[in-house]
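Working through the structure, step by step
Here is how the chains run, residue by residue.
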Amino acid sequence: MTKRKTAEEEPEPSPLAGGCVAAGLVLVAGAGLWAASPGAAILTLWVGGALLVWRHARTRMSDSSATPPPGEDPSPEGEEAGHSDTPRISVERREGMLIIKDLSEQRRYEVP
């Protein structure tokens, strides 16, 4: 017995399919250019590579992980991570950094 499908289901195309087709077309065009003139094929390869490097160098990187500029005002102390009014935590500000010391973890060693 066979199950009947209530709706026509089409398989989803692979996201890599377009890249594979483009790579195949570039390879076929390169082979045709190589057959016509090897010098022109090598020159085309160099120019294409230089254009790709130039394009990559011109794109802006995301600055989501960048440090803030030095002129910005730091966040209020109530919003700082690890800020607490209990005496077990010490918060120390230095230029460009915030040092949080947990005083409950300090150990004292006695020398006999």
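In every chain, residue numbers begin from 1 and rise along the written sequence. With the structure being a predicted model, the display of local features is reserved for residues of pLDDT at least 70 and the display and counting of side-chain atom pairs for 80 or more, all residues being used for whole-chain, interface and lining totals. To get the side-chain values, all heavy atoms of the structure are used, and hydrogens and water are removed first.

Broken down by element type, the protein chain carries two helices and two strands. Only protein chains enter the accessibility calculation, which uses a 1.4 Å probe. A residue is then buried if its area is under 20% of the maximum for its type, exposed if over 50%, and partly exposed in between. Counting the 112 residues in the protein chain, one finds 2% classified as buried. Contacts are residue-level and defined by heavy atoms, with any inter-residue pair within 4.5 Å sufficient. Looking at the protein chain alone, contacts between residues at least 24 apart form 0% of all its contacts between residues at least 6 apart. Here the protein chain displays about 11300 Å² of accessible surface, and carbon together with sulfur accounts for 59% of that area. Numbering of helices and strands runs from the N terminus, with a helix taken as a DSSP run of H or I at least four residues long and a strand as a DSSP run of E at least two residues long. Accessible areas in this description were obtained via Shrake-Rupley with a 1.4 Å probe; residue shielding takes into account the shown protein chains only.

Attention shifts here to the packing of helix 1 (residues 17-36) against helix 2 (residues 38-58). Two numbers describe how helix 1 lies on helix 2: the axes approach to 5 Å, and their chain directions differ by 140°. If you check the angle between helix 1 and helix 2, you find them oblique. Facing helix 1, whose interface residues are Leu33, Trp34 and Ala36, helix 2 presents Pro38, Ala40, Ala41, Ile42 and Thr44. Angles shown run from 0 to 180 degrees and are taken between the N-to-C directions of axes, each axis being a line fitted to C-alpha atoms and, for helices, limited to the stretch in contact. Each angle is binned into one of four classes, with values under 35 degrees roughly parallel, values over 145 roughly antiparallel, values of 65 to 115 roughly perpendicular, and all other values oblique.

The patches reported here contain residues having more than 30% relative accessible area and no salt bridge. Joining distances are 9 Å for like charges and 5 Å for nonpolar side chains (Val, Leu, Ile, Met, Phe, Trp, Tyr). The salt bridge definition used is simple: a Lys or Arg side-chain nitrogen within 4 Å of an Asp or Glu carboxyl oxygen. Taken together, the side chains of Leu43, Val47, Leu51 and Trp54 define a hydrophobic patch exposed on the protein surface, amounting to about 450 Å² of accessible area. With respect to the secondary-structure elements, Trp54 resides in helix 2.

Any two strands between which DSSP finds at least two bridges are classified as paired. Direction of pairing for strand 1 (residues 89-94) relative to strand 2 (residues 97-102): antiparallel, over a ladder of six bridges. Bridge assignment links Arg93 to a residue of strand 2, and that residue is Leu98. As consecutive antiparallel partners, strand 1 and strand 2 are separated by two residues, and within that stretch Gly96 has a phi angle of approximately 85°, a positive value.

We now examine the pattern of salt bridges. Under the counting rule described, the total for this entry stands at one salt bridge. For the salt bridge of Glu92 with Arg94, the shortest nitrogen-to-oxygen distance reads 2.9 Å. Exposure remark for Arg94: the relative accessible area of 46% places this residue in the partly exposed category.

These values are about where atoms sit, not about what they do.
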